[in-house]
Amino acid sequence: MSADGTRGDRPVGVREVAERAGVSTQTVSRVINARPGIRDETRERVQAAIAELGYRVNNAARSLGTRRSRTLGVIASDATLYGPSVGIAALETAARARGMWMATAYADAADEASVDEALDHLLAQGVDGVILLAPHVHTLAALADRATGLPVVGMHTGAGAARQAEGAGLAVRHLAALGHHRIARLGGPPDWREEEARAEGFEVAAAACGLTVTHRWSGDWLAGAGHAVAGGAVRAMAEDGGPTAIVVANDQMALGLVAGLAEAGRAVPADVSVVGFDDNPDAAHYRPALTTVRLDLAGEARRCVAEALGAEAGDGGPVDARPGAPVLVVRASTAPPTS
């Protein structure tokens, strides 16, 4: 056996791995394909043999035999934003845990032609399923119609949307518990699925808590949008019956809003409480530190990968595909109202 993983001129194959591990070739195949029912000891022995021999899986040959490429396609948009960028990384980790690879195509989710081109690119690679990250509301149904025979999953649809709504409800109930009765909201772009779910959760919780929603604004997820709304928020606060708290659809817009309020001479939370959403890594270092909602993005990624694998989603494999519930992270940007 040579150092580069070949036997003479022939690459190391499954048979050599099986001989080294003391198992059958069928067992080696099941380990390679991340199938269930393999004892941990056996799996580790096979993986050690693969590493020792330098065996490399021939995905092209395997796909001919299994009609599976062991690759999931991801269509992503606005990947410079915190949510999508973290979502891509989480999906990559979840796919690798299932023995899959991930091919990512970037598209402008508002441009139907751009999304079609991204889908064509992934279909040409023979992907086994498609995951749509940060979709606009109309995009998922259109993709499902085109990707005939393939699972198409949205990261923030179905169960994922329910957790988004639940997280927004946590923010509202937190403010109600502090004694706020009049609140406002700064939402994201209305044609985004996350915004739709977070807005729904906000409205349902506000009604259930008997709160008055005094104002509703929209932004583009960026800090600049929050800063631009600050002037309107200051005017709203000066009105009789103005808001004493503002729920913001993501942390970046909350950052801009707090900065704009400070420039206008309004302090958070002394004059108005602010709650964000996402718990990005910088939220604890805002001034004041931001109260926000944290989602289990790693769990959502595992759910999407499991659903994209279709029948394999319930195979009892090693990955838990049930995301955790959203969590409210209470920091210094919220307090009881002073008026």
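In case you missed it, the structure is sitting above this.
Residue positions are given per chain, counted from 1 along the sequence in the order it is written. Where totals are concerned, whole chains, interfaces and linings use all residues; where local detail is concerned, this predicted model gives features only for residues with pLDDT of at least 70, and gives and counts side-chain atom pairs only at 80 or more. Side-chain calculation: all heavy atoms of the structure are included, whereas hydrogens and water are not.

### Let's talk about the overall build of the protein chain
- Going along the chain from the N terminus, every DSSP run of H or I of four or more residues is numbered as a helix, and every run of E of two or more is numbered as a strand. When its secondary structure is counted, the protein chain shows 12 helices and 12 strands.
- Here the contacts in the protein chain between residues at least 6 apart in sequence split such that 72% fall between residues at least 24 apart.
- Taken as a whole, the protein chain presents about 15,200 Å² of accessible surface, with 51% of it coming from carbon and sulfur. What makes two residues a contact is simply this: any of their non-hydrogen atoms within 4.5 Å. Only the protein chains shown count as cover for residues, with accessible areas throughout obtained via the Shrake-Rupley method and a probe of 1.4 Å.

### Considerations on unusual backbone geometry
- For the bond from valine 268 to proline 269, the omega torsion is 5°, close enough to zero to count as cis.
- Here the amide bond leading from arginine 287 into proline 288 is cis, since omega sits at 0°, within 30 degrees of zero.
- For aspartate 278, which is not glycine, the phi dihedral falls at a positive 125°.
- Of the residues examined, aspartate 278 reaches a relative accessible area of 17% and is grouped as buried. Working definition: with a 1.4 Å probe on protein chains only, accessible area under 20% of the residue-type maximum means buried, over 50% means exposed, and in between means partly exposed.

### Quick look at the environment of leucine 81
- Residue placement: leucine 81 occurs in the loop between β3 (71–76) and α5 (82–97).
- Leucine 81 gets classed as buried once you look at its relative accessible area, which sits at 13%.
- Residues leucine 81 and leucine 222, 141 residues apart in the sequence, show an inter-C-alpha distance of 8.1 Å.
- Leucine 81 has contacts with Trp192, Trp221 and Leu222, leaving out every residue within four places of it along the chain.

### Some details on the pairing of strand β7 (residues 182–187)
- Counting buried residues in β7 gives five out of six residues, a clear majority hidden from the surface.
- Any two strands with at least two DSSP-identified bridges between them are counted as paired. With six bridges connecting them, β7 and strand β8 (residues 212–218) associate as parallel partners. Pairing of leucine 186 across the sheet is with tryptophan 217, part of β8.
- Handedness of the β7-helix α9 (residues 193–208)-β8 crossover: right-handed.
- Two strands pair when backbone bridges link them, and β7 and strand β9 (residues 245–248) are joined in this way by four bridges, in the parallel orientation. The partner of alanine 184 across the bridge, within β9, is isoleucine 246. Handedness of a crossover is defined as follows: with both strands directed away from the viewer, a clockwise route from the first strand across the helix to the second makes it right-handed.

### A few points about the pairing of β9
- Side chains Ala245 and Val247 project from β9 onto one buried face, and the interleaved Ile246 and Val248 project onto a second face that is buried too.
- Sheet topology note: the β9/strand β10 (residues 273–275) ladder contains three bridges and is parallel. Following the sheet pairing, alanine 245 is matched in β10 by serine 273.
- Viewed along the sheet, the connection from β9 through helix α11 (residues 251–263) into β10 turns out right-handed.

### Considerations on α9
- Compared with an ideal rise of 1.5 Å per residue, which puts 16 residues at 22 Å, α9 spans 23 Å between its outermost C-alpha atoms and is within 8% of the ideal.
- Along α9, the residues that are buried comprise Arg193, Glu194, Glu195, Ala197, Arg198, Gly201, Phe202, Ala205 and Ala206.
- Elements that come into contact with the buried residues of α9 comprise α8 (159–178), β7, β8 and β9.
- Glycine 210 sits one or two positions beyond α9 and adopts a positive phi of about 70°. By definition here, a helix of n residues has an expected span of 1.5 Å times n minus one.

### Concerning helix α12 (residues 297–308)
- Between its terminal C-alpha atoms α12 stretches 16 Å, which fits the 16 Å expected from 12 residues at 1.5 Å a residue.
- Counting buried positions along α12 yields nine of 12 residues, so the element is predominantly enclosed.
- Burial in α12 covers these residues: Leu297, Gly299, Glu300, Ala301, Arg303, Cys304, Val305, Ala306 and Ala308.
- In this fold, the buried residues of α12 make contact with β3, α5, β5 (130–133), β6 (152–154) and α8.

### Thoughts on the sheet that holds β9
- Reading across from one edge, β8-β7-β9-β10 is the order of the four strands in this open sheet, with parallel pairing throughout. Across the chains shown, the open sheet's two edge strands, defined by having one partner strand only, are β8 and β10. Across the sheet, the mean angle from the axis of one strand to that of its neighbour is 20°, orientation sign disregarded.
- In this description, a line fitted to the C-alpha atoms serves as the axis of each element, helices being fitted only across the stretch in contact, and the angle between N-to-C directions of two axes falls anywhere from 0 to 180 degrees. Its contacts with the sheet put α9 on β7, β8 and β9, and the angle it makes with β7 is roughly 175°.

### Comments concerning the pattern of salt bridges
- In what follows, salt bridge is the name for a side-chain nitrogen of Lys or Arg lying within 4 Å of a carboxyl oxygen of Asp or Glu. Taken as a whole and judged by the stated rule, the model has 11 salt bridges.
- A salt bridge links glutamate 52 to arginine 20, with the shortest nitrogen-to-oxygen separation between them at 3.0 Å. Separated by 32 residues along the polypeptide, glutamate 52 in helix α3 (residues 40–53) and arginine 20 in helix α1 (residues 14–21) bring together distant segments of the chain.
- A relative accessible area of 45% means that arginine 20 is categorised as partly exposed.

### Here we look at the packing of aromatic side chains
- Note on aromatic contacts: the rings of Phe and Tyr and the six-membered ring of Trp form a pair at centre separations within 6.5 Å, being stacked when their planes are under 30 degrees apart, edge-to-face when over 60 apart, and tilted otherwise. Counting across every chain of the model gives one aromatic pair.
- When the centroid spacing of 5.7 Å and the interplanar angle of 70° are considered together, the rings of tryptophan 192 and tryptophan 221 count as edge-to-face. Of the two residues, tryptophan 192 sits in the loop between β7 and α9 while tryptophan 221 sits in the loop between β8 and α10 (223–238), which places them 29 residues apart along the sequence.
- Looking at tryptophan 192, the relative accessible area reads 5%, which means it is buried.
- Classification of tryptophan 221 by relative accessible area gives buried; the value is 5%.
- Taking NZ or CZ as reference, arginine 96 lies 4.1 Å from the ring centre of tryptophan 101, over its face.
- The criterion for a charge sitting over a ring is simple: Lys NZ or Arg CZ within 6 Å of the ring centre, and within 35 degrees of the ring normal. Residue placement shows arginine 185 over the ring face of phenylalanine 202; its charged tip is 5.7 Å from the ring centre.

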